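# Architecture at a glance
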Amino acid sequence: EAIRFEQELVATGRYLELAAFRIEPASRRQVAVLFQDITARKRAEIALRQLNETLEERVQAGLAANRILAKVVDAASAMIHVLDFDFRWLAVNGSGADLFEQVFGVRPQLGASYRSALDSRPEISERLSAQWQRAFTGEAFNEIVSVGEAPLQRHYELQFSPLLDADGQRIGAYQFAYDVTERLNEQERIRLMEEALRQSQKM
């Protein structure tokens, strides 16, 4: 019965493949044994197996980190929107979706059109689209916008930045929005108090 097997030569750190078979006719009672050095192949196999194990560990670690990051981003108080050049949502967190739905009556969906969601508010759509276009061209900037009418008016600071892929190419833009109503109201109260103080000093 012919046999074939591999054997590590521990003392030398090399690998051999051994094959043994009978030489016909059987009456000769002779056996041939072939030895082939397969060290290079075995080392490549071991390296590939280690690479796969390491890669799997890195992928699992990366996925775990991404899940944690996704939870943090979704729970963040900042309202986050990410759009591609076609004004379609690549991402939006819970706070961003909630505010957008509250203001415009449409809940953002991944892949949906940002512009179409603003069809009922063309004046706002035009202004916001112009801001996104600036970010698409690579500009990072901040602006403050006001939503609603007094006394329920809210103020938001919008931070726009270009979105880059792994090669540093622009593929869209993202926006962080923060409710700064209380901060601006407090600044206005201080301004009015300072103005009143100046008037009283003049008198």
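Just above, that's the structure.
Here is a short report on the structure shown in this document. (Residues numbered from 1 in each chain as written. Predicted model: local features only at pLDDT ≥ 70, side-chain atom pairs only at ≥ 80, totals over all residues. Heavy atoms only, no water.)

### Comments concerning the nonpolar core
Counting 22 residues, the largest nonpolar core has L83, F100, Y114, L128, W132 and L158 as its most contacted members. Elements supplying a minimum of two residues to this core: strand 4 (79-84), helix 2 (94-104), helix 3 (114-117), helix 4 (122-136), strand 6 (141-147), strand 7 (154-164) and strand 8 (170-179). Ignoring anything within four residues of it in the chain, the contact list for L128 reads F104, Y114, L118 and L158. (Core = buried A, V, L, I, M, F, W, Y, C linked by side-chain atoms within 4.5 Å. Buried < 20%, exposed > 50% of the residue type's maximum accessible area, 1.4 Å probe, protein only. Helix = DSSP H or I, 4+ residues; strand = E, 2+ residues; numbered from the N terminus. Contact = heavy atoms within 4.5 Å.)

### What about the pattern of salt bridges?
Side chains that differ in charge, positive against negative, can pair when their charged atoms come close. What the rule picks out here adds up to 18 salt bridges. Among the salt bridges present, the one from E6 reaches R41, with a minimum N-O distance of 2.4 Å. Of this pair, E6 sits in strand 1 (residues 3-9) while R41 sits in helix 1 (residues 39-75), and the two are 35 residues apart along the sequence. Here E6 falls in the partly exposed class, since its relative accessible area comes to 37%. Connected through salt bridges with shared partners, the residues E6, R41, K42 and E45 form a single ionic network. (Salt bridge = Lys/Arg side-chain N within 4 Å of Asp/Glu carboxyl O.)

### Section: the sheet that holds strand 5 (residues 89-92)
A sheet is described by the order of its strands in space; here 5 strands give the open sequence 5-4-8-7-6, paired in antiparallel fashion. Of all the strands in the sheet, just strand 5 and strand 6 have a single pairing partner and so form its edges. Averaged over all pairs of adjacent strands, the angle between strand axes in this sheet comes to 20°, irrespective of strand direction. In terms of strand pairing, strand 4 meets strand 8 through 6 bridges, oriented antiparallel. Its bridge partner lying in strand 8, V82 is registered against Y174. Sitting on the sheet, helix 2 touches strand 4, strand 5, strand 6 and strand 7, and the angle it makes with strand 4 is about 85°. Against the sheet, helix 4 makes contact with strand 4, strand 6, strand 7 and strand 8, and its axis sits at roughly 125° relative to strand 8, the strand it touches most. (Pairing = 2+ DSSP bridges. Axes fitted to C-alpha atoms, helices over the stretch in contact; angles between N-to-C directions.)

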